[in-house]
Amino acid sequence: MPYRSIVVLTGAGISAESGIQTFRTADGLWENHRIEEVATPEGFAANPVLVHQFYNQRRQQLLSPDIRPNAAHQALARLEHALSLIEGSEFLLVTQNVDNLHERSGSRQLVHMHGELLKMRCMETNLCFDIRHDLGLDDCCRCCRQPGNLRPHIVWFGEMPLDMFRIEKALARCDLFVSIGTSGNVYPAAGFYQLASNAGARTVELNLDETGSSFDEHRYGPASQLVPAFVSELLT
Ligand code: BV8
C-alpha cells in the first residue's frame, strides 16, 4: 500500500447503480423540482409540506428492499478495513450523499457532509433523531414535545455543510484523494481535491462522465467496475 492517509469523496454517482437517481441527469431529482423549492431553508419555510413530501418520497425509496449497496460501496469498506490494519494509516470517507449505503457496506470512518435522509433534527434544540417513517408538520420532537419543530437532517443550499473541521484536517494530511461519482458542481465539496493537491496529495477522479476538473488521474466508467478495480490495485 503506497499511501498512508487516504480521503475519499463520494457523490450521487456511486449510488446510481443501486437505483438511486443522481441529481443532474435528465430525469434527475432536481428536474422534478427546482432546487430553490425543495433544497433551501427558504423553500422549506415557504412550503414545508412540499419539502417534507420530497424527502419522505426519497426516504421511502431508500428503505425499499431493492435499494442495496453496490460493489463500489463494498470496495470502499474493504479499503477502510485494510488500512485499519496498518499502523499509523488514516482513512476518511466523506460523502455528499444522504443515503445510508456506505454504512450498510460496513464503512465506519464516514462523514455525511450534506446530512442523512434517515435522520430528522429539532430546529429548537438541534438534537437529531433516527427516522424511518414519513415526517410532517404534526410530528412532535422528543425533546420539546412540540409539533412543527422537526426538519429533515439535510444540509440545504446556503447552509454550512457538516463536520467541515474534520474534513479539512483530513484533506491537509492526506497523500491520496479519490473523488467518486460526483459532477463537481457543489461547493465546498467540489474544491476538496484542490485542497488535497495543495497539501501534496495525489488526486484521482473515478466518474462516469468527464467533469472538467484537473485531477492528477481520471478514470471513466461505472463506479461498480472502477472502484473495486482501483481498490484492488491499491491493496496489491
Ligand atoms: C455552502 C442535500 C456556505 C440536499 C445537497 C451561488 C449562489 C448560491 C450558492 C452558491 C453559489 N455558488 C456556490 C454556492 C454554494 C452552494 C453551491 O455550491 N451551489 C451550486 C449549485 C453552485 N453550496 C452550498 O450552498 C453549500 N453550503 O456553501 O455554505 C456557507 C458558509 C458559511 C456559512 C453558511 C454557509 C451547501 C451545499 C449542500 C446542498 N445539499 N444535498 C439533498 O440531497 O436533498 S447537494 C446535492 O448535490 C447532493 O448532496 C449531491 O450529492 C450533491 C452534488 O451532486 P453530485 O453528488 O455530484 O450529483 P450529480 O448528479 O451532480 O453528479 C453525479 C455524477 O455521477 C455525474 O458526474 C455522473 O457522471 C456520475 N455518475 C452517474 N452514474 C454513475 C456516475 N459515476 C460513476 N458510476 C455511475 N454509475
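First, a word on what this report is: a plain description of the structure on this page.

Thresholds, definitions, all that
- Residues numbered from 1 in each chain as written.
- Predicted model: local features only at pLDDT ≥ 70, side-chain atom pairs only at ≥ 80, totals over all residues.
- Heavy atoms only, no water.
- Helix = DSSP H or I, 4+ residues; strand = E, 2+ residues; numbered from the N terminus.
- Rg over C-alpha atoms; globule rule 2.2 N^0.38 Å.
- Buried < 20%, exposed > 50% of the residue type's maximum accessible area, 1.4 Å probe, protein only.
- Areas by Shrake-Rupley, 256 points an atom, 1.4 Å probe, with all protein chains shown as cover.
- Lys, Arg positive; Asp, Glu negative; His and termini not counted.
- Charge placed at Lys NZ, Arg CZ, Asp CG, Glu CD.
- Pairing = 2+ DSSP bridges.
- Expected span 1.5 Å × (residues − 1).
- Contact = heavy atoms within 4.5 Å.
- Polar contact = N/O pair within 3.5 Å; in protein donor to acceptor, adjacent residues only side chain to side chain.
- Axes fitted to C-alpha atoms, helices over the stretch in contact; angles between N-to-C directions.
- Phe/Tyr/Trp six-rings, centres within 6.5 Å; stacked < 30°, edge-to-face > 60°.
- Salt bridge = Lys/Arg side-chain N within 4 Å of Asp/Glu carboxyl O.

**Re the overall build of the protein**
No. 1: Check the secondary structure of the protein and you find 10 helices and 9 strands.
No. 2: Radius of gyration (C-alpha) of the protein: 18 Å, near the 18 Å computed for a compact globule of 236 residues.
No. 3: With respect to the principal axes defined by its C-alpha atoms, the protein has extents near 55 × 40 × 35 Å.
No. 4: Considering the protein as a whole, with its 236 residues, one finds that 51% of them fall into the buried category.
No. 5: Accessible area of the protein: about 11200 Å², with a carbon and sulfur share of 50%.
No. 6: For the protein, the centre of its 20 positive side-chain charges and the centre of its 28 negative side-chain charges are spaced 6 Å apart.

**Considerations on the pairing of strand 4 (residues 115-122)**
No. 1: Among the 8 residues in strand 4, 7 count as buried, and that is most of the element.
No. 2: Pairing geometry for strand 4 and strand 6 (residues 150-154), over 4 bridges, is antiparallel. Looking across to strand 6, one finds that C122 is bridged to L150.
No. 3: Between strand 4 and strand 5 (residues 128-130), which follow one another and run antiparallel, lie 5 residues, and N126 among them has a positive phi close to 65°.

**Here we look at helix 6 (residues 71-84)**
No. 1: For helix 6, spanning 14 residues, the distance from its first C-alpha to its last is 20 Å, which sits close to the expected 20 Å at 1.5 Å a residue.
No. 2: Within the span of helix 6, buried status applies to A72, H73, A75, L76, A77, L79, E80, A82 and L83.
No. 3: Here the buried face of helix 6 lies against strand 1 (5-10), helix 1 (13-16), strand 2 (90-95), helix 7 (101-105), strand 7 (176-180) and helix 10 (223-235).
No. 4: Its side-chain oxygen 2.8 Å from the backbone nitrogen of A72, N70 forms the N-cap of helix 6.

**Overview of the sheet that holds strand 8 (residues 202-207)**
No. 1: Pairing within the open sheet is parallel, and its 6 strands lie in the order 3-2-1-7-8-9. Single-partner strands in this sheet number two, and they are strand 3 (110-112) and strand 9 (217-220). In this sheet, adjacent strand axes meet at a mean angle of 15° when their direction is disregarded.
No. 2: Of the strand pairs in this sheet, strand 1 and strand 7 are connected by 5 bridges, and their pairing is parallel. Note on strand 7: the bridge partner recorded for T10 is I180.
No. 3: Relative to the sheet, helix 6 contacts strand 1, strand 2 and strand 7, its axis offset from that of strand 2 by approximately 155°.

**Details of the sheet that holds strand 4**
No. 1: Read across the sheet, 3 strands follow the order 5-4-6 without closing on themselves; strand pairing throughout is antiparallel. The open sheet terminates on both sides in strands that have one partner only, identified here as strand 5 and strand 6. Neighbour to neighbour, the strand axes of the sheet diverge by 45° on average, direction disregarded.
No. 2: Against the sheet, helix 5 (residues 48-62) engages strand 4 and strand 6, with an angle of about 135° to strand 4.

**Topic: the packing of aromatic side chains**
No. 1: For the structure on display, the rule yields 5 aromatic pairs.
No. 2: Ring centres 5.2 Å apart and planes at 40° place the aromatic pair F44 and W156 in the tilted group. Placement of F44 in helix 4 (residues 41-46) and of W156 in the loop between strand 6 and helix 8 (164-173) is noted, with a sequence separation of 112 residues between them. Exposure class is identical for F44 and W156. Each is buried.
No. 3: Considering the side-chain rings of Y193 and F215, the 4.2 Å spacing of their centres and the 15° angle between planes classify their relative orientation as stacked. Residue Y193 is found in helix 9 (residues 192-198), and its partner F215 is found in the loop between strand 8 and strand 9; the two are separated by 22 residues along the sequence.
No. 4: Owing to a relative accessible area of 8%, Y193 belongs among the buried residues under this scheme.

**Considerations on the pattern of salt bridges**
Any two side chains of opposite charge can pair, given that their charged atoms come close.
No. 1: Enumeration over the complete set of coordinates arrives at 6 salt bridges.
No. 2: Across the pair E90 and R173 runs a salt bridge, and its minimum N-O distance is 2.4 Å. Placement of E90 in strand 2 and of R173 in helix 8 is noted, with a sequence separation of 83 residues between them.
No. 3: In this structure E90 comes out as partly exposed when scored by relative accessible area, which is 28%.
No. 4: In this structure, the salt-bridge partner of E217 is R202, at a minimum N-O distance of 2.7 Å. Of this pair, E217 sits in strand 9 while R202 sits in strand 8, placing them 15 residues apart in sequence.
No. 5: In the salt-bridge network here, residues are joined through shared partners; they are R202, E217, R219 and E233.

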